[in-house]
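# Analysis of the macromolecular model
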Amino acid sequence: MLELNYLRENRDEAVERLSKRCNDSYPKLVDKAIDLDSKRRSLQVELDSLLAEQNLASKEIGNLMQSGNRDAAEGLKSRVATLKTKSQDLKQTQNDLEKELSDTLYQIPNAPNQAVPKGKSETDNEEIFTYGELPKLHANAVPHWELASKYNLIDFELGVKITGAGFPVYRGKGARLQRALITFFLDEANKAGYEEVIPPLVVNEASGYGTGQLPDKEGQMYYIKEDDFYLIPTSEVPLTNIYRDVILKEDEMPIKHTAYTPCFRREAGSYGKDVRGLNRLHQFDKVEIVQIAHPDQSYQILDKMIDHIKDLLEKLELPYRILRLCGGDLGFASAITYDFEVYSAAQDKWLEVSSVSNFETYQSNRLKCRFKNDEMKKTQLVHTLNGSALALPRILAAILENHQTEDGIQLPKILHDYTGFKTID
RNA sequence: GGAGAAGUGGCAGAGUGGUCGAAUGCACCGGUCUUGAAAACCGGCGUACCGCAAGGUACCGGGGGUUCGAAUCCCUCCUUCUCCGCCA
């Protein structure tokens, strides 16, 4: 969530930045939060002095008891009892205020960075970079789900039988290609200095709140009722939560982690178009990169993460474009997001394969992930960033579709050593 | 799953109702000494909120309760360890 200090001291700037999201309700929420906070603070002052008086009186009672002055002690006791009733009342009011304040803060998304274009929907996203020629396919080219079945790479129906729609079964060269891509992505991340992690695929409620999936995206996660656990929708959740309630040393940063994990998403409400084949699944594989960064460095780091992903896509010989998301399309917790889309030729579609974001202090504020600032001698919130590098299914779809020939699928050179085969035919 | 024990500052470890935000040791930071280092000695050394400051308030696994007063007593949840059972 946004920092109260920031809202208090830069109210107009916050409202201005939030306006990029094109939602009228935010200024009101900001003012409500500021108002609740100031009430809470003045209440705190009142409560503190009341408690100070109680504490003092209690010590005095102790002294009186020891010196055998019972009557005086009893007198003070009743005085304290009055104070206590009052302070308990105040405490209750304060708890209510705090609850209302945090509810309000949870409803305010991150304030977009200055570079984020104002806009309502994906049509307002800004294309900032393109790479590669759009491939010209042969006359009989088909979409990936047909290729998958033709070459026996993925069995969608079998997945329906075992589980349900959106849980494909990869097999044969399909499974091996998938594994090769995972290894390739992890190797590249390792080379770039990311420490590899194998995290839990199931997280508790606190972790869900830490990275901002809860409370707003509750319905998007699979939930295990008996244990109050959630299946991860992305490894961002366990990776970033490693640093929940942690105070780092300044020279430990930036911290860089990568992980391959399956990701689980209910995708409630997105049935219908765009769900064919690998385009949208309930379970999919992803390699993620995450950084915990010094606030002064996070935007440089964001650029490096972008370069890392560009490099992956270019090595895979896939045409792609980078979009800077407009305010309306920006994720709730993000200050700025770049989406990478590859061109999937047979569908004639751009498919999102990566999303790189700087969350600034929005997540770290919830996570309470801070560092000791050596100069200022203060603890300060870190910046968190993450990006997909990369999401597997759509990459697989694009590889199959773009590299198909009359005689089979020619794999990009970089993968040959990883797969052990060059073509699928 | 059954039985028992325990959770205190970065770590170790005291503290069983009052002056305890918490002894002590180690680690860490600053200083003295030294050509330099080590050792020794001196000082500092949790987080958050309010305050110009002095200072105040909260926090001893989480939550709740008893009491004028709780790290200390009670309830509950979580976690860890030991033993038994089960199992990859």
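Since this is a predicted model, take the numbers as computed values, not measurements.

### What about the overall build of chain A?
Regarding its fold elements, chain A presents 13 helices and 19 strands. Summarising its shape, the C-alpha atoms of chain A cover approximately 100 × 45 × 45 Å along the three principal directions. Intrachain contacts of chain A at a sequence separation of at least 6 include 74% that bridge at least 24 residues. Accessible area of chain A: about 20,600 Å², with a carbon and sulfur share of 48%. With 54 positive and 66 negative side-chain charges, chain A shows a separation of 2 Å between the mean positions of the two kinds.

### What about the environment of Glu16?
Relative to the assigned elements, Glu16 resides in helix α2 (residues 11-19). For Glu16 and Ala111, which are 95 residues apart along the polypeptide, the C-alpha to C-alpha distance reads 8.6 Å.

### Comments concerning the sheet that holds strand β6 (residues 223-224)
Spatial strand order, β5-β7-β6: 3 strands in an open sheet with antiparallel pairing. If you trace the sheet from one side to the other, it starts and ends with β5 (202-204) and β6, each paired once. Bridge analysis of β5 against strand β7 (residues 229-231) gives 3 bridges, and the strand direction is antiparallel. Its bridge partner being in β7, Val202 is matched across the sheet by Leu231.

### Structural notes on the protein's contact with RNA strand B
Taken together, 17 residues surround RNA strand B, and among them Arg41, Ser58, Lys84, Lys372 and Thr379 come closest. In the interface set of RNA strand B, defined as its atoms within 4 Å of the protein, sugar plus phosphate atoms amount to 71%. Between a base nitrogen of RNA strand B and a main-chain N or O atom of Ser58, the distance comes to 2.7 Å. Between a sugar or linking oxygen of RNA strand B and a side-chain N or O atom of Arg370, the distance comes to 3.4 Å. By residue class, the composition of the surface near RNA strand B is 6 nonpolar, 5 polar and 6 charged.

### What about the sheet that holds strand β18 (residues 408-410)?
With antiparallel pairing, 3 strands are arranged side by side in an open sheet as β17-β18-β19. Two strands close off the open sheet at either side, each with one partner strand: β17 (404-405) and β19 (423-424).

### Some thoughts on the packing of helix α3 (residues 25-66) against helix α4 (residues 70-106)
Put simply, α3 and α4 touch, their axes get as near as 8 Å, and they point 160° apart. Judged on the interaxial angle alone, α4 and α3 are roughly antiparallel. As α3 runs across α4, the sense of the crossing is left-handed. Here the contact of α3 with α4 is built from residues that sort into 20 nonpolar, 6 polar and 14 charged.

### Details of the layout of surface pockets
The space that makes up the second largest pocket amounts to roughly 1,100 Å³. In terms of lining residues, the second largest pocket is bounded by 41 residues, among which Glu3, Leu4, Asn5, Asn365 and Leu381 are the most central. Here the lining of the second largest pocket is composed, by residue class, of 15 nonpolar, 10 polar and 16 charged. For the lining of the second largest pocket, the two domains that each supply at least three residues are domain 1 (4-106) and domain 2 (122-424).

### Quick word on a nonpolar patch on the surface
Nonpolar side chains collect at one region of the surface, where Leu201, Val202 and Phe229 lie side by side and expose about 200 Å² of accessible area between them. As for its position among the elements, Val202 is in strand β5. Overall, Val202 belongs to the partly exposed group, its relative accessible area being 34%.

### Side note on the pairing of strand β12 (residues 336-344)
The buried fraction of β12 amounts to 9 of the 9 residues, a majority that puts the element mostly inside the structure. Residue alternation in β12 divides its side chains into two sets, Ile336, Tyr338, Phe340, Val342 and Ser344 and Thr337, Asp339, Glu341 and Tyr343, and both sets are buried. Across 9 bridges, β12 lies against strand β13 (residues 349-358) in antiparallel orientation. Pairing of Glu341 across the sheet is with Glu352, part of β13.

### Re the packing of aromatic side chains
Counted by the stated rule, this structure contains 10 aromatic pairs. Taking 5.2 Å as the distance between ring centres and 25° as the angle between the ring planes, the aromatic pair formed by Tyr131 and Tyr320 counts as stacked. Here Tyr131 is found in strand β1 (residues 126-131), whereas its partner Tyr320 is found in strand β11 (residues 320-324), with 189 residues between them in sequence. Since its relative accessible area comes to 30%, Tyr131 is described here as partly exposed. Take Tyr320: its relative accessible area is 0%, and that puts it in the buried class. Their ring planes at 45° and their centres at 5.5 Å tell us that Phe184 and Phe185 sit as a pair that is tilted. Each of the two residues, Phe184 as well as Phe185, counts as buried. Among the aromatic side chains, those forming a connected cluster through ring pairs are Phe129, Tyr131, Tyr320 and Phe340. Positioned above the aromatic ring of Phe129 is the side chain of Lys310, whose terminal nitrogen or guanidinium carbon lies 3.9 Å from the ring centre.

### Details of the domain arrangement of chain A
For chain A, the assigned domains read domain 1 (4-106) and domain 2 (122-424). Between domain 1 and domain 2, the C-alpha centre-to-centre distance is 43 Å. Counting from both sides, the interface comprises 5 residues of domain 1 and, opposite them, 12 residues of domain 2. Approximately 640 Å² of surface area, both sides summed, lies buried where domain 1 meets domain 2, with 43% of it carried by carbon and sulfur atoms. The largest contributions to the domain 1 side of the interface with domain 2 come from Arg17, Arg21 and Tyr106, which together make up 83% of the buried area. Taken together, the connections running from domain 1 to domain 2 amount to 1 salt bridge. Of the charged contacts, one joins Arg17 and Glu360 as a salt bridge, the two residues approaching to 3.4 Å between their closest N and O atoms. Applying the counting rule to domain 1 against domain 2 returns 5 residue pairs in polar contact (both at pLDDT 80 or more). Among the residues forming the side of domain 1 that touches domain 2, the class breakdown is 2 nonpolar, no polar and 3 charged.

Reading the values: the criteria
- Residue positions are counted from 1 within each chain, in the order its sequence is given.
- Chain letters and ligand numbers both follow the written order, the letters beginning at A and the numbers at 1.
- Totals for whole chains, interfaces and linings use all residues, but because this is a predicted model, local features are given only for residues with pLDDT of at least 70 and pairs of side-chain atoms are given and counted only at 80 or more.
- Note that the side-chain values use all heavy atoms of the structure and ignore hydrogens as well as water.
- Labels follow the DSSP assignment, with helices taken as runs of H or I lasting at least four residues and strands as runs of E lasting at least two, numbered in each case from the N terminus.
- Any two residues whose heavy atoms approach within 4.5 Å at even a single point are treated as in contact.
- For accessible areas, the Shrake-Rupley method is used with a probe of radius 1.4 Å. Any residue's cover is judged against the shown protein chains and nothing else.
- For the purpose of counting charges, residues Lys and Arg are taken to be positive, whereas Asp and Glu are taken to be negative. His and the chain ends are not included.
- Lys charges are placed at NZ, Arg charges at CZ, Asp charges at CG and Glu charges at CD.
- We call two strands paired when DSSP finds no fewer than two bridges between them.
- Being near a molecule or strand, for a residue, means having at least one of its heavy atoms within 4 Å of it.
- Residues adjacent in sequence count toward polar contacts only when both atoms are side-chain atoms; beyond that, a polar contact is any pair of N or O atoms within 3.5 Å, and within protein one must be able to donate a hydrogen and the other to accept it.
- The residue classification treats Ala, Val, Leu, Ile, Met, Phe, Trp, Tyr, Cys and Pro as nonpolar and Asp, Glu, Lys and Arg as charged. All others, Gly included, are polar.
- Axes here refer to lines fitted to C-alpha atoms; in helices the fit is confined to the stretch in contact. Angles between the N-to-C directions go from 0 to 180 degrees.
- Roughly parallel refers to an angle under 35 degrees, roughly antiparallel to one over 145, roughly perpendicular to one between 65 and 115, and oblique to any angle outside these ranges.
- Each crossing gets its hand from how the near helix is turned against the far one by less than a right angle, where anticlockwise is left-handed and clockwise is right-handed.
- Cavity: a set of points on a 1 Å grid over the protein atoms alone where a 1.4 Å probe fits but cannot get out. Pocket: an open set with protein on both sides within 12 Å along at least five of seven lines, its lining residues, like those of a cavity, having an atom within 4 Å of a point.
- Grid points are joined across faces, edges and corners, and a volume is the space filled by probe spheres set on the points.
- Throughout, the edges of the domains are those of an automatic or database domain assignment.
- To count toward a patch, a residue needs a relative accessible area over 30% and no salt bridge; like charges are then connected within 9 Å, while nonpolar side chains (Val, Leu, Ile, Met, Phe, Trp, Tyr) are connected within 5 Å.
- In what follows, salt bridge is the name for a side-chain nitrogen of Lys or Arg lying within 4 Å of a carboxyl oxygen of Asp or Glu.
- We call a residue buried when its accessible area falls under 20% of the maximum for its residue type, exposed when it is over 50%, and partly exposed in between, using a 1.4 Å probe and counting protein chains only.
- When the centres of two rings from Phe, Tyr and Trp lie within 6.5 Å, Trp using its six-membered ring, the rings pair. Their planes under 30 degrees apart give stacked, over 60 give edge-to-face, and anything left gives tilted.
- Charge over a ring is defined by NZ of Lys or CZ of Arg lying within 6 Å of the ring centre and within 35 degrees of the ring normal.
- In this description, buried area is defined as the sum, over both parts, of the accessible area (probe of 1.4 Å) that is lost when the two are combined.

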